[in-house]
Amino acid sequence: MKEWKTAIVGCGLISKNHLKAINNLETVTCIAVCDIEKEKAEAAAKMYGVKQIYTDYQEMLRNPEIDVVHICTPHYLHAQMAIDALHCGKNVLCEKPMALTVEDAKKMAAAEKDSGKLLGICFQNRYNEAVSAMRKILQSGTLGKLLGARGQVTWNRNPEYYSSSPWKGCWATEGGGVLINQAIHTLDLLQWLTCPVVSVEAGIATRRLKDVIEVEDTADVLMIGEHGERLLFYATNCYVKNAPVELEIVCENGSVKMTGNTVSVEKKGKMTVTDYSSGTTLGKDYWGSGHGVLIQDFYHCIQEKIPFSVGSAEAIVSVQLLHAIYCSAREGKMVYL
Ligand SMILES: NC(=O)c1ccc[n+]([C@@H]2O[C@H](COP(=O)([O-])OP(=O)(O)OC[C@H]3O[C@@H](n4cnc5c(N)ncnc54)[C@H](O)[C@@H]3O)[C@@H](O)[C@H]2O)c1
């Protein structure tokens, strides 16, 4: 099997999950790391035995040895970096969110098509065992027609979280707050596990860190599905801890609920509860344990020349949803997708 040569751009918090996952794969070697802060690239290179260090990603992209680029940079850089890497003939695995605007996400998808390379987006929670179990139950059809669902993310982000990465907390660089950064995974799961959303009504607020951030730290959303399903979503960074994510899906014959890694299925008054904690978490447990599995699957898809399950067509939906939510909150009206 081919040995894939990989590079990471952005050596901050999440890059460690990527580097650990790559180190666990026999057919993949990280040969280069890049960060505009040289010390960060040097630290990552030292810790994970990476030979080449760059501070300019464009220069790194000119290295013909590199087959795959993992983008772990601030949100506002994702689109341009992904497009540039695809144009240089690299496969790209980009951290969430795919892009800040629907227009940019479409440009990324077009660059992927033109290049003939693969573009994947890091929605690793889709690979969590609890999520797979929920999807299997819903796809089996035994719970009957979907009526509605709710998702809840109640986490904590302190001022230090923002001061250590100044791009966080700003509309221009983060593109939003709790919704686009922390809760995007659960929002993605909510729509992926239920139904296409046709309209959105939302409110956002900055309740806790008004002097620190300009983006929202709290959001509530009502989404209506194509058959009138009601999807409710609540997200905040104002809680005192990172509580387990909650996702409940209600159907005609019963419901399925995930709290963290535990899935409860209620059908005709009978309840079954299963804990899917695997203990294989690479980073912080509330990020989910899926980075390793997603990255392994991404390389498998490159190797086999098959589509990746969280490709541009899948990830663009969350960019469209976020755009509608922010529009609705700003304009105080219902927005149609
Ligand atoms: N999938 C997840 O669960 C998850 C969790 C955390 C973060 N993330 C995502 O990962 C990305 C990075 O987040 P983070 O928390 O690691 O941020 P961070 O601020 O810790 O790291 C970003 C790094 O990018 C570097 N950088 C900035 N501009 C650059 C440039 N032009 N060229 C090269 N490097 C540059 C910074 O110096 C910094 O080291 C974001 O998209 C974030 O949403 C995903």
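Since the structure is predicted, the reported quantities are computational estimates derived from the model, not experimental observations.

Cut-offs and rules
Residues numbered from 1 in each chain as written. Predicted model: local features only at pLDDT ≥ 70, side-chain atom pairs only at ≥ 80, totals over all residues. Heavy atoms only, no water. Helix = DSSP H or I, 4+ residues; strand = E, 2+ residues; numbered from the N terminus. Rg over C-alpha atoms; globule rule 2.2 N^0.38 Å. Buried < 20%, exposed > 50% of the residue type's maximum accessible area, 1.4 Å probe, protein only. Contact = heavy atoms within 4.5 Å. Expected span 1.5 Å × (residues − 1). Domains from an automatic or database assignment. Buried area = accessible area lost by both parts, 1.4 Å probe. Salt bridge = Lys/Arg side-chain N within 4 Å of Asp/Glu carboxyl O. Core = buried A, V, L, I, M, F, W, Y, C linked by side-chain atoms within 4.5 Å.

**Observations regarding the overall build of the chain**
Helix and strand counts for the chain stand at 11 helices and 15 strands. On C-alpha atoms alone, the chain measures out to a radius of gyration of 20 Å, which is about the 20 Å that the 2.2 N^0.38 rule sets for 337 residues. Taken across its 337 residues, the chain has 54% of its residues classed as buried. Summarising the internal contacts of the chain: among those between residues at least 6 apart in sequence, 68% fall at separations of at least 24.

**Some thoughts on helix 11 (residues 312-331)**
With 20 residues, helix 11 extends 28 Å between its outermost C-alpha atoms, agreeing within 8% with the 28 Å of an ideal straight helix rising 1.5 Å per residue. Looking one or two places after helix 11, you find Gly332, whose phi comes out positive at around 65°.

**Quick look at the domain arrangement of the chain**
Under the domain assignment used here, the chain contains domain 1 (4-122 + 293-311) and domain 2 (128-277). Taking the mean C-alpha position of each, domain 1 and domain 2 sit 27 Å from one another. Listed per partner, the contact involves eight residues of domain 1 and 10 residues of domain 2. When domain 1 packs against domain 2, the two sides together hide about 790 Å² of surface, and 68% of this comes from carbon and sulfur. The interface formed by domain 1 and domain 2 contains zero salt bridges.

**Remarks on the nonpolar core**
Soluble globular proteins tend to bury their nonpolar side chains together. Of all hydrophobic cores here, the largest spans 105 residues; its most connected members are Val33, Met223 and Phe233. The biggest single contributor to this core is helix 11, with nine residues. The two domains that each donate at least three residues to this core are domain 1 (4-122 + 293-311) and domain 2 (128-277). If near-sequence neighbours (up to four positions away) are discounted, Val33 is found in contact with Ile8, Cys11, Leu19, Ala41, Ala44, Ala45, Val50, Gln52, Ile53, Tyr54 and Met60. Counting residues in hydrophobic clusters, the runner-up holds five residues, among them Tyr161, Leu209, Ile213 and Val215.

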